[in-house]
Amino acid sequence: MPEPIKASNSRYMPGIDGLRALAVLAVIIYHLNYNWAPGGLLGVGIFFVLSGYLITDLLIAQWSRHGRLDMKDFWLRRARRLLPALLLLMVVVVMSVALFVPEQMGRLRGDVWAAVFYVSNWWLVFSEVSYFEKFGPPSPLGHLWSLAVEEQFYLIWPLLVALGLSVVKRRGPLVMLTLGLAALSAILMAVLYVPGEDPSRIYYGTDTRVFALLIGAALAMMWPSRKLTTNISGKARLTLDVVGAASLAILLLSIWKTNQYDDFLYQGGLVLLSIVSALLVAVLAHPASALAKVMGCEPLKWLGVRSYGIYLWHYPVIVLTSPTGMEDGGVIAVVRAALQLVACIVLAALSWKYVEEPIRHGALGRLWANVGSGKKRGASKRSTRILATGCAFALCVIYFGVATLTSGATAGNSTPQPKPVESASAADTAGQKEQAAERAGKPYGPEVPAVVKKPDPAPKPDSQTAAKPKNETKPNATKPAADSTKPAQNQDNSADSKQPKASDAPAVAVQSGKGITAIGDSVMLDVEPYLEKLLPGIVIDGKVGRQMSQAPDTIAALKAQGRLGNRVIIELGTNGSFSKGQLDKLLKALNGVEQIIVINTRVPKPWESVVNQTLADVEATHPNVKLIDWHAASAGKNSYFYKDGVHLNSEGARAYALLVASALAPTEADKESEAPAPKPNEEKPQQQQPAAQEDNKQEHAQKEPQEAEEAQP
């Protein structure tokens, strides 16, 4: 990713900088979560190929000139190029987080040390931090995993190149060995990938991503830049530009059409795209290419030269300036994204001019020489003051950051939070409720206070005398109404507003929830009390953090228990994406079920559109599947949600339950079995009346219509 230090006789390739610019812009658009570039993460793969090519080209050129590799010089140059901007970034990020979001400081501790030692990718792997299913606020240093992969490559690869060049005299076998290592890495990725499971381990791992760097390295052995000249035929020029244009088109199309959840990417797709990237690099490195001149235009070249800094700054800027819950749409979101893009470019430009370039060209050495020299005492005093001030500032920042990171008073948790990902958002109200509910063994959802009614002289035939929810022992149901007034944002203040009402029943409703099973994640737990009230007898199986891949096992368990109904509601996708194959597997597990209802999702995360599109595609091909469009029904209804923009308060849970109940129109069997039910229900209260009250029948009969009316809101 960073621009290598050029040797005195090396040739500058502006087209390469243009490619850098396109790659970093693709990554930024991906992190801005725009649906028209879901494959922007492929920009990282392009950077890997570029780095492998440029570093290996530099090493081979040095070997050709001197017959050896100066490892000390190579690593010092890498440190001067990479460390100043990185350390500046971490100082600014730590201070910003400490000042504006101190609750994240505990989580940031491990990220800082991992970044300093360039092991961020393995830190994320062993901490089980997902790249694709971040539900809580992401770390502003989470993007440094790719730099860790590159630095680990820079540490080991020069040693292997020196060994290979000294042992293998011919380039052909060396190229084959390099491609063999790349093939092993690609095979490892394909073997470790499990469709439907979070691919973060293979996405982060150096062992499963190094194939892109090695493909670039093999290209450098076959296509050294120092041997490329403009003295080629017109046909060769045309071939170069056609190959380059086709490669560029394939990459742009992939950025537009693929996404991080495609099985294709991890089963050979990333390898193919790395090969395409290598072809494009080969064309852009050639001085005779017309495409290289186009890609080397001034705007792209300017951005490409600063692409390292832009990559460093873009993610913290986006993370620290984006809403953590409900996202603004329309013009506000576009303006915010534009300002974020401008901010990261400006910060990168300032870092390049005042930090990276001066240090790269020996500013620290000159400053130290001036301090130690007895000449030019005035300049020496000024330099001393500058150095002392800078050191004092750095020490203050380091002390402040370390003290804050290690303080027991910080709001963050020092240990990585285990999965499920939904519980990672400890800063959000909904996340706190969810974790507390899980620890206490309570279902996660809005509290529904019990309504204590005065005993009536005779039972009423109103619908509110339906059976209680199935779990009569849960705390929410037994807690007195006076004790359930815990303040919560975005919830209604009155107990009555939290209680599902009889009038919430849909116009055409199933009279009972018997034979209906609902399976979901924590959103289903939000809705559970309301569904139980609207559909007495419904079986609800919700679990915090549940993924689609876990649903078949849940269905099998419900079948074994005899609790799987002939109508099944599936609410999954809050915690991450799933493939069409996984959904088809779930539908096969529900073979014989009369009606399957799937509910799409509203979650301000990149997988939202993927989940919703997959559900829509499956509905179109399965006649017994009905889609409930919660995403459309909740559009613009911020009052339905807690701060995370996903979990539902009482208003949202009630609306969700109504939407589900209205989709469950009675089947013919329901209508036949339940048609005569009202008459016995009306007679039953009369049969239970004591004989002493027979004389009062007429009086009670006159009161019942009035009481029924009062039961309605």
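**Student:** A description of the pairing of strand β2 (residues 539-542) should follow, citing residues and the corresponding values.
**Tutor:** Within a regular strand, side chains alternate between the sheet's two faces. Where strand β1 (residues 516-520) and β2 come together, 4 bridges link them in parallel fashion. Bridged to Gly 520 within β2 is Gly 542. Running through helix α21 (residues 522-534), the crossover from β1 to the neighbouring parallel element β2 is right-handed.

**Student:** Provide a residue-level description of the sheet that holds β2, including the pertinent values.
**Tutor:** Strand order in this open sheet of 5 strands is β2-β1-β3-β4-β5, and the pairing throughout is parallel. The outermost strands of the open sheet, each flanked by one partner alone, are β2 and β5 (625-628). Strand-to-strand, the axes of this sheet are offset by a mean angle of 15°, without reference to chain direction. Here 5 bridges tie β1 to strand β3 (residues 567-571), and the two strands are oriented parallel to one another. Looking across to β3, one finds that Ala 518 is bridged to Ile 569. In the packing of α21 onto the sheet, the strands contacted are β1, β2 and β3, and the crossing angle to β2 comes to about 165°.

**Student:** Which residues make up the nonpolar core, and what are the values?
**Tutor:** Of all hydrophobic cores here, the largest spans 168 residues; its most connected members are Trp 145, Phe 211, Tyr 266, Leu 312, Ile 569 and Ile 570. A total of 13 residues in this core trace back to one element, the largest contributor, which is helix α11 (residues 263-285). Apart from the residues within four sequence positions on either side, Leu 312 is in contact with Ala 85, Leu 86, Leu 89, His 143, Leu 144 and Leu 147.

**Student:** Help me get a handle on the pairing of β1, residues and values and all.
**Tutor:** Burial analysis of β1 places 5 of its 5 residues in the buried class, the great majority of the element. Burial of β1 is two-sided: the residues Ile 516, Ala 518 and Gly 520 facing one way and the residues Thr 517 and Ile 519 facing the other way are all buried.

Parameters and conventions
- Residues numbered from 1 in each chain as written.
- Predicted model: local features only at pLDDT ≥ 70, side-chain atom pairs only at ≥ 80, totals over all residues.
- Heavy atoms only, no water.
- Pairing = 2+ DSSP bridges.
- Helix = DSSP H or I, 4+ residues; strand = E, 2+ residues; numbered from the N terminus.
- Right-handed = clockwise from strand over helix to strand, strands pointing away.
- Axes fitted to C-alpha atoms, helices over the stretch in contact; angles between N-to-C directions.
- Contact = heavy atoms within 4.5 Å.
- Core = buried A, V, L, I, M, F, W, Y, C linked by side-chain atoms within 4.5 Å.
- Buried < 20%, exposed > 50% of the residue type's maximum accessible area, 1.4 Å probe, protein only.

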